[in-house]
Amino acid sequence: MTVDDRGELVAAVEAELGVEVRAAGPVTGGDINDAWRFETTAHGALFVKTRSDAPHGFYAAEAAGLEWLGEADALTVPDVVGVGDGEVRFLALSWVDSALPAVDHDEVLGRGLARLHLAGADSFGLRGGGFAGSLQLPNTPCDTWSEFYATCRLEPLVALCADAGVLPASTVARVEAVIGRLDALVGPFERPARLHGDLWAGNVMTGAGGHPVLVDPAAYGGHREVDLAMMRLFGGFSPAVFDAYDEAWPLAADARRRVPLWQLAPLLVHARLFSGGYGASVDAAARACL
């Protein structure tokens with residue numbers, strides 16, 4: 001972001017929030033957004049994320065997801081302070097001061113995640129659009145999990161990968177075979193859980209008191225095993241987290257068998273966004289499902 005762009009962002013934040021920005025400096029963000037710390041009147045320190053090519057509704061979807069997760073009163077999430085969806089698009093959140101993890105951090109995370117999932121959802125999906133990274137995906141509410149996972153995750157994602165040429169035809173066919181067998185693969189009935197939707201270790205901060213804070217959700221109503229499978233995909237979570245979760249709300253006996261099935265969607269997202277070796281990982285996950 002250039003100095004001129006920063007001035008435009010400051011002006012947009014001041015206009016939307018009705019505050020004065022006293023200082024603005026860049027901070028470490030992710031792969032998708034530019035991130036800033038703004039010192040403001042009225043709201044104090046804010047975390048502001050922006051990107052020049054953010055599509056309409058991009059930050060509104062994240063804001064709605066944070067507020068929906070926060071309603072469960074299960075784990076801490078940042079407060080949404082404002083959303084800009086004009087020429088300069090941004091999301092302004094309450095600043096989270098980082099701290100060292102408390103001795104019970106992992107147990108709090110595991111139990112809290114179980115409570116979050118137990119808060120439930122009205123359906124599989126969520127009203128309004130959704131995003132996985134920078135990819136726009138449907139969140140159309142569905143009556144069954146297999147329908148949602150097929151039509152709102154695997155089908156659009158494998159199509160995006162095929163169109164971009166990042167998967168060989170054999171892998172596309174293998175994912176399509178998984179989709180064709182979903183009714184038999186998804187396991188016993190689970191009512192819709194309130195999912196974070198992108199729960200890798202980088203999206204769990206340690207805030208005040210050394211306890212977890214969830215950030216950057218891609219929230220929707222889904223199968224609770226999805227969040228747990230995502231946590232296992234890239235690591236970073238101790239066994240204590242999963243043990244605490246299982247004590248609070250035990251998983252089905254065969255849940256570990258379905259981990260590759262739920263990891264298939266985020267692997268497709270990474271294959272489309274980053275290519276590299278993710279195509280082989282998609283193929284391996286699809287093979288493990290069949």
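Structure: above.
Parameters at a glance
Residues numbered from 1 in each chain as written. Predicted model: local features only at pLDDT ≥ 70, side-chain atom pairs only at ≥ 80, totals over all residues. Heavy atoms only, no water. Helix = DSSP H or I, 4+ residues; strand = E, 2+ residues; numbered from the N terminus. Rg over C-alpha atoms; globule rule 2.2 N^0.38 Å. Contact = heavy atoms within 4.5 Å. Areas by Shrake-Rupley, 256 points an atom, 1.4 Å probe, with all protein chains shown as cover. Lys, Arg positive; Asp, Glu negative; His and termini not counted. Charge placed at Lys NZ, Arg CZ, Asp CG, Glu CD. Pairing = 2+ DSSP bridges. Axes fitted to C-alpha atoms, helices over the stretch in contact; angles between N-to-C directions. 1 Å grid on protein atoms, 1.4 Å probe; cavity = no way out; pocket = protein on both sides within 12 Å on 5 of 7 lines; lining within 4 Å. Points joined across faces, edges and corners; volume = space filled by probe spheres on them. Nonpolar A, V, L, I, M, F, W, Y, C, P; charged D, E, K, R; others polar.

A. The overall build of the protein, seen in detail. Helix and strand content of the protein: 10 helices and 11 strands. Since a compact globule built from 290 residues should have a radius of gyration of about 19 Å, the 19 Å found for the protein is in line with a globular shape. Judged by the C-alpha coordinates and their principal axes, the protein covers about 55 × 45 × 35 Å. The long-range share in the protein, meaning contacts at least 24 apart out of those at least 6 apart in sequence, stands at 65%. Within the structure as shown, the protein displays about 13000 Å² of accessible surface, and the carbon and sulfur contribution to it stands at 50%. Distance between charge centroids for the protein: 6 Å, based on 21 positive and 38 negative side chains.

B. Structural detail: the sheet that holds strand β5 (residues 89-94). Across the sheet, which stays open at both edges, the five strands sit in the order β1-β2-β3-β5-β4 with antiparallel pairing between neighbours. The open sheet has two edge strands with one neighbour each: β1 (21-27) and β4 (80-85). This sheet shows a mean twist of 20° between the axes of neighbouring strands, independent of strand direction.

C. View of the layout of surface pockets. In this structure, the second largest pocket spans a volume of roughly 240 Å³. If you go around the second largest pocket, you meet 16 residues; those closest to its centre are Arg 232, Asp 246, Leu 251, Ala 255 and Arg 256. Breaking the lining of the second largest pocket down by element, the ones donating at least two residues are α7 (225-233), α8 (239-248) and α9 (259-274). When its residues are assigned to classes, the lining of the second largest pocket shows 11 nonpolar, no polar and five charged.

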